[in-house]
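# Structural overview for review
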Amino acid sequence: MQTKFQWSRKPQLAFGSAVLALLVVGAVSYCSMVESSESDLRVRRTYEVLEKLQGLLAAMQAVESNARGYLLAGDESFLEAYRAGRATTEKDQAIVRSLTADSPGQQQRLDALATLAARQFQLAEKVVGLRRTNGLQATSAAIQEASSTQNMDDFQSMVGRMQNEELRWLALRKEEAKRRLTQTKTVLILGTFLGLLITTVAGWRVQRDNSENRDSGAKYRGLLEAAPDAMVVVDQGGKIVLLNVQAEKQFGYGRDELLGLKVKNIIPDGFAERLIADGTRTAAEALAQQIGTGIELIARRKNGSEFPIEIMLSPLESAEGTLVTAAIRDISVRRAAEKHLGQMEGRYRGLLEAAPDAMVVVNQSGEIVLLNVQAEKQFGYSRDELLGQKVKNIIPEGFAERLIADALRSVEDALAQQIGTGIELVGQRKNGSEFPIEIMLSPLESAEGILVTAAVRDITTRKKAEADLLNKVEELNRSNEELGQFAYIASHDLQEPLRMVASYTQLLSRRYKGKLDSDADKFIAFAVDGASRMQRLIQDLLAYSRVGTKGTDLIEISSEAALEQALLNLRGAILEKGALVTHDSLPPVLADEMQLIQLFQNLVGNAIKYQSSAIPKVHISAAKNGVKKWTFSVKDNGLGIDSQYFEKIFGMFQRLHKRQEFAGTGIGLAICKKIVERHGGRISVKSQPGHGSTFCFALAESERE
Amino acid sequence: MPIEVLLVEDSPGDVRLTQEAFRNANRTIHLHVASDGVEAMAFLRREGVHSQAPRPELILLDLNLPKMDGREVLALIKKDPSLKTIPTVILTTSEAEADIVKSYQLQANCYLSKPVQLDAFENLVKSINDFWLTKVKFPQQRQNG
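Below or above, wherever it landed, is the structure these notes cover.

Rules and cut-offs
- Residues numbered from 1 in each chain as written.
- Chains lettered and ligands numbered in written order.
- Predicted model: local features only at pLDDT ≥ 70, side-chain atom pairs only at ≥ 80, totals over all residues.
- Heavy atoms only, no water.
- Helix = DSSP H or I, 4+ residues; strand = E, 2+ residues; numbered from the N terminus.
- Buried < 20%, exposed > 50% of the residue type's maximum accessible area, 1.4 Å probe, protein only.
- Contact = heavy atoms within 4.5 Å.
- Pairing = 2+ DSSP bridges.
- Axes fitted to C-alpha atoms, helices over the stretch in contact; angles between N-to-C directions.
- Buried area = accessible area lost by both parts, 1.4 Å probe.
- Salt bridge = Lys/Arg side-chain N within 4 Å of Asp/Glu carboxyl O.
- Polar contact = N/O pair within 3.5 Å; in protein donor to acceptor, adjacent residues only side chain to side chain.
- Phe/Tyr/Trp six-rings, centres within 6.5 Å; stacked < 30°, edge-to-face > 60°.
- Lys NZ or Arg CZ within 6 Å of the ring centre and 35° of its normal.
- Core = buried A, V, L, I, M, F, W, Y, C linked by side-chain atoms within 4.5 Å.
- Parallel < 35°, antiparallel > 145°, perpendicular 65-115°, else oblique.
- Left-handed = near helix turned anticlockwise from the far one by under 90°.
- Expected span 1.5 Å × (residues − 1).

### Some details on the overall build of chain B
Scanning chain B from terminus to terminus reveals five helices and five strands. For chain B, the succession of helices and strands along the chain, N to C, is β-α-β-α-β-α-β-α-β-α. Among the 145 residues that make up chain B, the fraction classed as buried is 50%. When contacts within chain B are restricted to residue pairs at least 6 apart in sequence, long-range pairs at least 24 apart make up 65% of them.

Okay, structure coming up:
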């Protein structure tokens, strides 16, 4: 600001300096001239003195020669000339005296000169007197005396000295004059030059300032127009002197209507008062207090409607003094948003309180800033005890680390990684006891930065249930395994004695049939039958248990090959019944080969077996089901199954027909079911009595695809 | 000429069954029975009471025997230079893979599982007769020093 002021005075300063320089030059010249003229005068006088001194000397010499002449010739004309000469010398002396009145040295010399002259005259008078009276011979001695040139020499030398003095003085004066001339010349030149320089510089500066002002003026206007906010420039009287098109739009006025208008008309309160100098402070001070702060006020449009604004002020230098530029921003949207935010916050708080889970809001330093009553209950603290506490106090590990920004990632990143996943941690109550919790995080934007809302759920019961479940499952697995083993061992060990019974009853039957009585035959027959059935049951049981115990890992195999093998195993039955078995191309699947063969064998075997008299037709196909599954279908034209038995037929040893009608223990489908379930699928049947059946099961697609 | 066959089997029921089955298959078969491994070795080595025992053309060996079990007997037979040339067929109720592997490792000539059904068993014996005792060729020299 200081510089600005200086710059505005510069032209004045410059001109002042120029004028001063000129004045100085003038003065100096004037003094110099005066001195010169004085000096000239003095020089002239000196020349006069010199002249006079020379004259004096000449006169004196003339006087002397005239005296001598008279002495020699006795001619009166010489005497007159002598007398006239003497008067002249005296007169000259007087002139010189007056001319050199200022020089005591000269005066002294003059005195000496006068004395010498007087003596000369004395001598001359004496001699003249003598001549007159005594004639020539008498005066020859006196003439000798008079002819002594000593006095004259002295006189001459004195004159010489005086002349020298004057000459010296003259030389001095000449020196002085020369110096003064040089001085004057220098001063004149310098002064003129300086004056010219200052004037030029000042003029140039002024011009530049003017053009700058013009430029910056233009730039400023450009900026103003382009500004996104309404811009208004106000002078010290509170009048609008400059505005932009945004201002026109915002306030609903035309440019000309606003120019010259008091700013109070568009900003009724708060603007003018802040800026106009009052008795207590200057405009500059008032302005300085307001610069940079956004002030919220109310503005009024042309149509009288009011709207909230925020103004930012900055000073603007101009030729007319300090102006104030105000950027005016319509903050009605912002206000609405703020209000809305306030409402939302209120609602959020309400939601938080009402939430069934404990809710805790944590800031970026890991402190609890908000919580609900559930949180109080769960952790055994009161609200005030928890607010401001570090969340580490209630969730010792796993929470703070996940959320607080560290050098590796910002809070946003940290949070983004955790959103939506339920994290299992351990919570700690006030009494120190711990309990398992699950937290779900979500971010919350706030004025203080990103906060984290955590829903904290006590999962003690869930954990217990999970643990119980795991236990049960383990128990179940163990139990199943035992059962499986048991079934296997039992079946296997039962086989031996059963084999004896069955074999020998058969031998009995063979050897003694008809040799004992008919009862014996019947009894033996029943025994044989019983034993056989038991054998078959045990074999089936073994087969069933083997599905689990002897199962191998599922690998990729060709289901078509498995079917071919099953058909090979069934070729006897197929030939016997004249059955027609067809199939589509079947895909590779993930399966246990032996079991898949067994599965096909059972299903196709059933399809052929459970027929009336028609030629059995069986068709096997496979269809893609979803992403990674194949659904196989074994369709037959057999007897069909009533829907009420759809579940039952898959049970163990469940039969729908008498033994006389169809052989079999009823284990076939149970084995199929077990096999399919072992492969992770389900087996089902669609059927109608008299219209055949379709058995479906799904197997996983081979992974290679 | 009777065909001499040694059956090593501890279960009398099974013994009788096997006998009946062989009788049906081939009346010329002379079935000797040893009920445990020790007796089996004594018979084969013609020791003690078995000093006059004939050299069997075929040995049918059960695996699960008391005192010395079938696996041991098999091992001994196949180590003995004078006995190892006799075809030794394992005839057992076990279908366990481990048993099958072990038997072949010990150089059993083949492994047969006894079927549970009577007719199937009789068929199996018939097959043994057909194969081992009819089709298969044995060296002429029956006795060796």
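### Looking at the sheet that holds strand E15 (residues 629–636) of chain A
All names here are of chain A. Reading across from one edge, E12-E14-E15-E17-E16 is the order of the five strands in this open sheet, with mixed pairing throughout. For this open sheet the edge positions go to strand E12 (580–583) and strand E16 (683–687), each flanked by a neighbour on one side alone. Mean inter-strand twist for the sheet, computed between neighbouring axes without regard to direction, equals 20 degrees. By the bridge criterion, four bridges tie E12 to strand E14 (residues 617–625) in an arrangement that is parallel. Following the sheet pairing, Thr582 is matched in E14 by His619. Where helix H16 (residues 559–569) meets the sheet, its contacts fall on E12, E14 and E15, and the angle it forms with E12 comes to roughly 170 degrees.

### Things to note about the interface of chain A and chain B
Listed per partner, the contact involves 14 residues of chain A and 17 residues of chain B. Overall, the association of chain A and chain B removes approximately 1,300 Å² of surface from exposure, summing both partners, and the carbon and sulfur fraction of that is 45%. Summed over the three residues of chain A that lose the most area to chain B, namely Arg499(A), Tyr504(A) and Arg510(A), the buried surface amounts to 36% of that side. At the junction of chain A and chain B, the tally comes to three salt bridges. Across the chain A-chain B interface, the total number found is six residue pairs in polar contact (both at pLDDT 80 or more).

### Here we look at the packing of aromatic side chains
Tallying each qualifying case throughout the model produces eight aromatic pairs over all chains. Seen from their ring centres, Phe131(B) and Trp132(B) are 5.2 Å apart, and the 90 degrees between their planes marks the pair as edge-to-face. Taken together, the ring pairs in this structure connect Phe600(A), Phe632(A) and Phe697(A) into an aromatic cluster. The ring of Trp630(A) carries the charged tip of Lys624(A) above its face, separated from the ring centre by 5.8 Å. Between the NZ or CZ atom of Lys674(A) and the centre of the ring of Tyr544(A), over which it lies, the distance is 4.5 Å.

### A look at the nonpolar core
Residue and element names in this part refer to chain A. With 43 residues, the main nonpolar core has Leu596, Phe600, Leu603, Phe632 and Phe697 as its most contacted residues. For this core, the element with the most residues is helix H18 (residues 593–609), which contributes eight residues. Ignoring any residue separated from it by four or fewer positions in sequence, one finds Leu596 in contact with Ile557, Ser559, Ala562, Val589, Ala591 and Leu699.

### So, the packing of helix H2 (residues 37–45) of chain B against helix H3 (residues 70–79) of chain B
Residues and elements named next belong to chain B. The contact between H2 and H3 brings their axes to 9 Å, and the two run at 20 degrees. With respect to H3, the element H2 is oriented roughly parallel. The element H2 and its partner H3 pack so that their crossing is right-handed. Facing H2, whose interface residues are Gly37, Met41, Leu44 and Arg45, H3 presents Val73, Leu76 and Ile77.

### Brief notes about the pattern of salt bridges
Residue and element names in this part refer to chain A. Counted by the stated rule, this structure contains 45 salt bridges over all chains. Note that Arg335 and Glu296 form a salt bridge whose closest N and O atoms lie 2.4 Å from each other. Here the residue Arg335 occupies a position in helix H9 (residues 332–354), and Glu296 occupies one in strand E3 (residues 294–300), the gap between them amounting to 39 residues. Through salt bridges with shared partners, a single network forms among Glu296, Glu310, Arg334, Arg335 and Glu338.

### Considerations on helix H1 (residues 12–25) of chain B
If you check H1(B), its first and last C-alpha atoms are 20 Å apart, about what 14 residues at 1.5 Å a residue would give, namely 20 Å. Listing the buried residues of H1(B) in full gives Gly13(B), Asp14(B), Val15(B), Leu17(B), Thr18(B), Glu20(B), Ala21(B) and Phe22(B). Its buried side turned inward, H1(B) meets helix H14 (460–512) of chain A together with strand E1 (3–8), strand E2 (29–34), strand E3 (58–61) and helix H5 (118–135) of chain B.

### Focus: the environment of Val618(A)
Residues and elements named next belong to chain A. Secondary-structure assignment places Val618 in strand E14. The sequence separation of Val618 and Ala579 amounts to 39 residues, and the corresponding C-alpha distance is 7.7 Å. Setting aside chain neighbours within four positions, we find Val618 in contact with Leu580, Val581, Thr582, Ala607, Ile608, Val634 and Lys635.

### Description of the side chain of Asn129(B)
Looking at the secondary structure, you find Asn129(B) in helix H5. Among residues more than four places away in sequence, those in contact with Asn129(B) are Ala25(B), Asn26(B), Ile29(B) and Thr134(B).

### Quick look at the pairing of strand E6 (residues 358–362) of chain A
All names here are of chain A. Within E6, five of the five residues are buried, leaving the element largely enclosed by the surrounding structure. Of the two faces of E6, the one carrying Ala358, Val360 and Val362 and the one carrying Met359 and Val361 are both buried. Where E6 lies against strand E7 (residues 368–371), three bridges are found, and the strand directions are antiparallel. From the neighbouring strand, Val361 faces E7, where its bridge partner is Leu370. Two successive antiparallel strands, E6 and E7, enclose a turn made up of five residues, where Gly366 displays a positive phi of approximately 85 degrees.

Interpretation note: all reported values are geometric properties and have no functional meaning in isolation.
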